[in-house]
2 protein chains.
Amino acid sequence: MKPYEVVDIQKVYSGPIFDLVKQTITLPNGKEAYRDVIIHNGAAVIIPVTDEKKLVLVRQYRNGSNSMLLEFPAGKLDHNEDPKECALRELAEETGYHASGIKQLFKVYPVAAYCSEQITVFLAEGLKLGTPNLDEDEFVETEEYSLSDLLQMIDDGDIQDMKTIMGVLYYARIA
Amino acid sequence: MKPYEVVDIQKVYSGPIFDLVKQTITLPNGKEAYRDVIIHNGAAVIIPVTDEKKLVLVRQYRNGSNSMLLEFPAGKLDHNEDPKECALRELAEETGYHASGIKQLFKVYPVAAYCSEQITVFLAEGLKLGTPNLDEDEFVETEEYSLSDLLQMIDDGDIQDMKTIMGVLYYARIA
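The sections below set out a description of the structure shown in this document. Computed from a predicted structure; not experimentally measured. (Residues numbered from 1 in each chain as written. Chains lettered and ligands numbered in written order. Predicted model: local features only at pLDDT ≥ 70, side-chain atom pairs only at ≥ 80, totals over all residues. Heavy atoms only, no water.)

By convention here, two paired aromatic rings are described through the distance between centres and the angle between planes. Applying the stated rule across the entire model yields 6 aromatic pairs over all chains. Where Tyr4 of chain A meets Tyr61 of chain B, the ring centres are 4.3 Å apart and the plane angle is 5 degrees; that geometry is what we call stacked. Of this pair, Tyr4 of chain A sits in the segment before strand 1 (6-14) while Tyr61 of chain B sits in strand 5 (residues 55-62), placing the two residues on different chains. Note on Tyr4 of chain A: relative accessible area 16%, which makes it buried. (Phe/Tyr/Trp six-rings, centres within 6.5 Å; stacked < 30°, edge-to-face > 60°. Helix = DSSP H or I, 4+ residues; strand = E, 2+ residues; numbered from the N terminus. Buried < 20%, exposed > 50% of the residue type's maximum accessible area, 1.4 Å probe, protein only.)

Shown next, in the form of structure tokens:
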């Protein structure tokens, strides 16, 4: 028996955003362990940079934090959706911007301990402004900031979304 | 009725690491919406820097990613535990290092869309090596890297844990 083999999966709950399963895995000492794992289809986040070198973010209510948060545009992958298509779709829907240049940076796990969600991170340039296309029950405001403003906002605790802090710090290295 | 007021909470599942609830919230258009939210007690992560300017990380199996990941030491807050005590405890348990200097950097939500987990991020210096104290079913290897090695590993896709990438990029700004 190999270590860390998933030998059993019981579905506990199935929802619109994620499922919850109870996994049985093998440990290096030969024992078995039970773990609750959130199963999520994955997401994409995009760091959009205008020709004037402003970064485009959205402010919206988040259920997990129970507060309004400032974030880079992001969203859950539709079934079988390519992460790049998802990133460009969310950018256009939430901000109205269309990007002519997009580059994949890396893939990350936000909470690898108990959630399968993997986020693919993109950088977008060559932005052209169109019209946002929000769902009826989606309320999102677009805000644009310089890199130096965003770095100051991280130090001041005004940005609390982890993928957004990571994205700003990454962009600061390459800008 | 205020927008984004949580007007009802139904518990769906209660587990050792997190609970799952179904929340009813009010929207700005006066409608109500139902959201699945993971309720988590919070966590702490620590960026440990040795006197030789090496960063201390741990490699361990993660259920969410179903793979071995390289991460800064981190863990879930015990009931009523102070995040700083949690960070120092996890550092000592997982790596054997005790820190004489610790500084809180900021607090972040890894998946604010659907999980209440908030991670407090610390920087630790003045490290003294003792003996790790792992649980019987915990298997963790300590590894130490220079900042330049870690930045290269991010670019190569060899670090996939989001809080670790964020921590390396943050440390690169202040180092």
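For the rest of this paragraph, the subject is the side chain of Glu94 of chain A. Considering the arrangement of structural elements, one finds Glu94 of chain A in helix 1 (residues 83-95). Despite its burial, Glu94 of chain A pairs with no opposite charge, the nearest such side chain being Arg62 of chain A at 5.9 Å. (Lys, Arg positive; Asp, Glu negative; His and termini not counted. Salt bridge = Lys/Arg side-chain N within 4 Å of Asp/Glu carboxyl O.)

Bringing a negative patch on the surface into the picture now. Together, Asp51, Glu52, Glu125 and Glu144 of chain A make up a region of like negative charge exposed at the surface. Relative to the elements of secondary structure, Glu144 of chain A occurs in strand 10 (residues 141-145). (Patch = residues over 30% accessible without salt bridge, like charges linked within 9 Å, V, L, I, M, F, W, Y side chains within 5 Å. Areas by Shrake-Rupley, 256 points an atom, 1.4 Å probe, with all protein chains shown as cover. Charge placed at Lys NZ, Arg CZ, Asp CG, Glu CD.)

Residues and elements named next belong to chain A. When the terminal C-alpha atoms of helix 3 (residues 162-174) are compared, their 19 Å separation across 13 residues agrees well with the 18 Å that a helix rising 1.5 Å per residue should span. With 10 of 13 residues buried, helix 3 is to be regarded as a mostly interior element. Residues of helix 3 that are buried include every one of Met162, Lys163, Thr164, Ile165, Met166, Gly167, Val168, Leu169, Tyr170 and Tyr171, and no others. (Expected span 1.5 Å × (residues − 1).)

A word on the relation of the copies chain A and chain B. If you rotate chain A by 180 degrees and push it 0.0 Å along the axis, it lands on chain B with an RMSD of 0.0 Å. These values place the two chain copies in the arrangement generated by a two-fold rotation axis. Ranked by how close their C-alpha atoms come to the rotation axis, the residues of chain A are headed by Met166 of chain A, at 2.3 Å. Taken as a fraction of all interface residues of chain A, those also at the interface in chain B reach 100%, which identifies the copy contact as same-surface. (Least-squares fit on C-alpha atoms with pLDDT ≥ 70 in both. Contact = heavy atoms within 4.5 Å.)

Before going further, it helps to examine the nonpolar core. Taken as a class, soluble globular proteins show a tendency for nonpolar side chains to be buried jointly. Of all hydrophobic cores here, the largest spans 58 residues; its most connected members are Leu55, Phe106 and Met166 of chain A together with Leu55, Phe106 and Met166 of chain B. Residues in contact with Leu55 of chain A, not counting those within four places in the same chain, are Ile47, Pro48, Val49, Phe72, Glu143, Glu144, Tyr145, Ser146, Leu147, Leu150 and Tyr171 of chain A. Counting 14 residues, the second-largest nonpolar core is a separate cluster that includes Phe18 and Val111 of chain A together with Tyr114 and Cys115 of chain B. (Core = buried A, V, L, I, M, F, W, Y, C linked by side-chain atoms within 4.5 Å.)

Our next topic: helix 1 of chain A. Count 3.6 residues to each turn of an α-helix, and residues three or four apart come out pointing the same way. Residues and elements named next belong to chain A. Between its first and last C-alpha atoms helix 1 spans 18 Å; for 13 residues at 1.5 Å apiece the expected length is 18 Å, and the two agree. Every buried residue of helix 1 is accounted for by Pro83, Cys86, Ala87, Glu90, Leu91, Ala92, Glu93, Glu94 and Thr95. Phi turns positive one or two residues past the end of helix 1, at Gly96, with a value near 85 degrees.

Counting residues at the interface gives 57 residues for chain A and 57 residues for chain B. In total, chain A and chain B occlude about 5,300 Å² of area from one another, counting both sides; carbon and sulfur atoms represent 63% of this. In this structure, the connection of chain A to chain B is made through 6 salt bridges. Note that Asp137 of chain B is salt-bridged to Lys31 of chain A, the shortest N-O span being 3.4 Å. Where chain A packs against chain B, one counts 19 residue pairs in polar contact (both at pLDDT 80 or more). Taken together, the elements giving at least two residues each to the side of chain A that touches chain B come down to strand 1, strand 2 (19-26), strand 3 (32-39), strand 5 (55-62), strand 6 (67-71), strand 8 (97-108), helix 2 (147-155) and helix 3 of chain A. (Buried area = accessible area lost by both parts, 1.4 Å probe. Polar contact = N/O pair within 3.5 Å; in protein donor to acceptor, adjacent residues only side chain to side chain.)

A separate point is the sheet that holds strand 6 (residues 67-71) of chain B. Residues and elements named next belong to chain B. With antiparallel pairing, 3 strands are arranged side by side in an open sheet as 6-5-10. For this open sheet the edge positions go to strand 6 and strand 10 (141-145), each flanked by a neighbour on one side alone. Recorded for the sheet is a direction-independent mean angle of 30 degrees between the axes of neighbouring strands. Bridging between strand 5 and strand 6 involves 5 bridges; their strand directions are antiparallel. Residue Arg62 lies in a different strand from strand 6, and its bridge partner there is Ser67. (Pairing = 2+ DSSP bridges. Axes fitted to C-alpha atoms, helices over the stretch in contact; angles between N-to-C directions.)

Non-glycine residue Asn66 of chain A carries a positive phi angle of around 55 degrees. Mapping Asn66 of chain A onto the fold places it in the loop between strand 5 and strand 6.

Turning our eyes to something else, we now look at the state of the cysteines. This structure, assessed with the given rule, holds 0 disulfides over all chains. In this model Cys86 of chain A remains outside any disulfide bridge; the closest cysteine sulfur is found in Cys115 of chain A, 15 Å from its own. The class of Cys86 of chain A is buried, set by a relative accessible area of 0%. There is no disulfide at Cys115 of chain A, and the cysteine sulfur nearest it, in Cys115 of chain B, is 7.7 Å away. (Disulfide = S-S within 2.5 Å.)

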